[in-house]
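Topology and contacts: notes
Take a look at the letters that make up each chain.
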Amino acid sequence: MTSDLAFALRSVGCAVGGGFALRDVSFELPTGYVMGLIGANGAGKTTMIRCLLGMRAIETGEAELLGRRVPGPVELRQDIGVVLDHTALVGDWRLTEVERTLRPFYDRWDGARYRHFLDEFGLDPRARVRDLSRGMAMKLVIAVALSHHARLLVLDEPTSGLDPVARDELAGIIGDFLLDEEHSVLFSTHITADLDRIGDYVTLVHRGRVVRTGPKDEVLDSYRVVRGGPDDLGGTDGAATLVGVELIGLRRTPAGAQALVRAEEADLLDAGLLVERPTLEEIALHIGSEPSGPVGRRGGRSGAIA
Amino acid sequence: MTAVARVAVLHLRTVAPYRTQGLLVCGMLFLVLARNPAGVVPSLALLLAPLIAVHPFVVADKARLETLYAVLPVSRRALVLGHYAWSLACFVATAATGTVLAEVLARIEDVSYGGRTLATILTVSWLLFAVNIAVQLPLLMWFGYARVSVLGTTMPLALVMVAVLRLHLTLGWVRDRPAVLWFAGVALLTASATLAAKAPPGPRT
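Not measured: the values here are computed from a predicted model.

1. A few points about the overall build of chain B
- When its secondary structure is counted, chain B shows nine helices and zero strands.
- Helices and strands in chain B line up, N terminus first, as α-α-α-α-α-α-α-α-α.
- Over its C-alpha atoms chain B spans a radius of gyration of 17 Å, differing by no more than 12% from the 17 Å that the globule rule assigns to 205 residues.
- If you line up chain B on its principal axes, its C-alpha atoms span 55 × 35 × 35 Å.
- Across the 205 residues in chain B, those meeting the buried criterion constitute 45%.
- Within chain B, residue pairs in contact and separated by at least 24 positions form 83% of the contacts whose partners lie at least 6 positions apart.
- For chain B, the exposed area adds up to about 10200 Å²; of that, 71% sits on carbon and sulfur atoms.

Here it is, written out as structure tokens:
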């Protein structure tokens, strides 16, 4: 196991049920960085996080967390702050009771830090968990996750349902957390704008598989978005104009057609087409709209300009 | 504080917001049994103590606390044993409260209560509680509250009724062998905990 990695999943597979499974999932994050796990709802992000945290058994492959093989000793959880898309706290607890209840479990619980975060986030310590808005509840869970001096923060869809102001605040909180270079963050989302500010690494997932993973700029550089008229990308009869270019998530409207292509194939496209570097949102949109199977590879079910 | 004790305290804090309901049930039982001091402790042990002991499962089901249990730095073994430690604490608390109330009632009603009578009542109470918890906790840990809430509540009562009727158990039978029956309760709970610990990890514990 290499200790300079915050975490790693290597060829992980597990059956979830309903025909869904993780297959050959591999990605890793060096210590000190933020990784965004991007995928549509149901792509497998939460399952990957659960496998990484040891909350779900891995059937094939292996996972490593802070230098320890998963499932590691329970003490490993002292170093991990987990923020899921629900609070997982008793609704009738007051915020002071949340601290009283959780503090005994953590060796490095910092009460002053917890109260500082409550104050900073505008949370009333006398308020009950059930009376908090979604944004406030998320801030509470983040306050808990940051109050025991975790080294790795794992956030599963924390911005889902948050307004833009709260999402911006969350980005700031994560930025502050990363001031310590021993800290790392894994952040799953289907709102790619969240990662524009804070993401260092990106992993794109689709239907239980990793489509692409790496530093954000490398991922952005590895694709091009191509736009043309309604008949430019393959035509209405499916006929092709160029050989061997895989169109990922081809979207056609009466006004035009748009698809994602691999960057190394973009030069093969007709000069009349508009080819641009995509945004993360465009990449997620096209990959997420693929019907099934691996995408961004030969043999996928993407359209092809031939 | 040990990990098991921490889990037991977690359950105490989980049910603490619902103490008013618990006191209401206790008050109702007290009113019903006001003229029968000998029935107070067994009734509390059979009805109130298990109700409080399994209430963390009810709250956990509603608040999705299984996620909290999964991320807290506490082992699965400690989680399981913590449930049993919490249950035992519930029994001790209700038995102590019931004994005091029964003593007060006995004086008001001028009924003989204490000594061997009290020992027999406590033994019966312990057995009722042990059977109840020994059945309920493994069921809850294996299948979750949502699936077995009714079965978990009714099965122990049915077992006790069948045992009393089929084996013709009497208070005299209990009075003659208290040590054996206390030990049997401990053995039952130990077997139950062993079975509960084998439940697959997931949204139950």
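2. What about the pattern of salt bridges?
Residues and elements named next belong to chain A.
- Using the criterion set out here, one finds 18 salt bridges over all chains in the structure.
- Of the charged contacts in the structure, one is a salt bridge between D217 and R277, with a shortest N-O distance of 3.9 Å. Highlighted residues: D217 in helix α7 (residues 216-221) and R277 in the loop between β14 (274-276) and α8 (280-288), separated in sequence by 60 residues.
- For D217, a relative accessible area of 49% translates into the label partly exposed.
- A salt bridge links R277 to D221; the shortest N-O distance between them is 2.7 Å. A residue pair is termed long-range when its members are at least 10 positions apart, and R277 in the loop between β14 and α8 and D221 in helix α7 qualify at 56 residues.
- Beyond isolated ion pairs, a larger network of salt bridges with shared partners links R10, E62, E64 and R69.

3. Overview of the UniProt feature "transmembrane region" (unreviewed entry) in chain B
Residue and element names in this part refer to chain B.
- When the UniProt feature table is mapped to this numbering, "transmembrane region" (unreviewed entry) covers residues 16-33, 40-59, 84-106, 118-139, 145-167 and 179-197.
- The span residues 40-59 carries 100% helix and 0% strand; its end-to-end C-alpha distance comes to 27 Å.
- Helix makes up 100% of residues 84-106 and strand 0%, with an end-to-end C-alpha separation of 32 Å.

4. Some words on the environment of D110(A)
Residues and elements named next belong to chain A.
- Relative to the elements of secondary structure, D110 occurs in the loop between α2 (95-102) and α3 (111-120).
- The spatial distance from the C-alpha of D110 to the C-alpha of R126 is 19 Å, given a sequence separation of 16 residues.
- With near-sequence residues (within four places) excluded, D110 lies in contact with S147 and H149.
- A polar atom in the side chain of D110 sits 3.2 Å from the backbone nitrogen of A112.
- At 3.1 Å, the side chain of D110 forms a polar contact with the backbone nitrogen of R113.

5. Structural notes on the domain arrangement of chain A
- Each domain of chain A was delimited in the assignment, giving domain 1 (5-219) and domain 2 (222-305).
- Using C-alpha coordinates to define each centre, domain 1 of chain A is positioned 33 Å away from domain 2 of chain A.

6. A short note on helix α5 (residues 76-109) of chain B
- For α5(B), spanning 34 residues, the distance from its first C-alpha to its last is 49 Å, which sits close to the expected 50 Å at 1.5 Å a residue.
- Positive backbone phi, at 60°, marks D110(B), one or two positions downstream of α5(B).

7. What about the sheet that holds strand β1 (residues 5-17) of chain A?
All names here are of chain A.
- Read across the open sheet, the four strands follow the order β2-β1-β4-β5; overall the sheet is antiparallel. Two strands bound the open sheet, and with one partner strand each, they are β2 (20-30) and β5 (68-69).
- With five bridges joining them, β1 and strand β4 (residues 60-65) adopt antiparallel strand pairing. If you follow L9 over to β4, its bridge partner there is A63.

About the criteria used
Residues numbered from 1 in each chain as written. Chains lettered and ligands numbered in written order. Predicted model: local features only at pLDDT ≥ 70, side-chain atom pairs only at ≥ 80, totals over all residues. Heavy atoms only, no water. Helix = DSSP H or I, 4+ residues; strand = E, 2+ residues; numbered from the N terminus. Rg over C-alpha atoms; globule rule 2.2 N^0.38 Å. Buried < 20%, exposed > 50% of the residue type's maximum accessible area, 1.4 Å probe, protein only. Contact = heavy atoms within 4.5 Å. Areas by Shrake-Rupley, 256 points an atom, 1.4 Å probe, with all protein chains shown as cover. Salt bridge = Lys/Arg side-chain N within 4 Å of Asp/Glu carboxyl O. UniProt positions renumbered as here; feature names shortened; annotations may be inferred. Polar contact = N/O pair within 3.5 Å; in protein donor to acceptor, adjacent residues only side chain to side chain. Domains from an automatic or database assignment. Expected span 1.5 Å × (residues − 1). Pairing = 2+ DSSP bridges.

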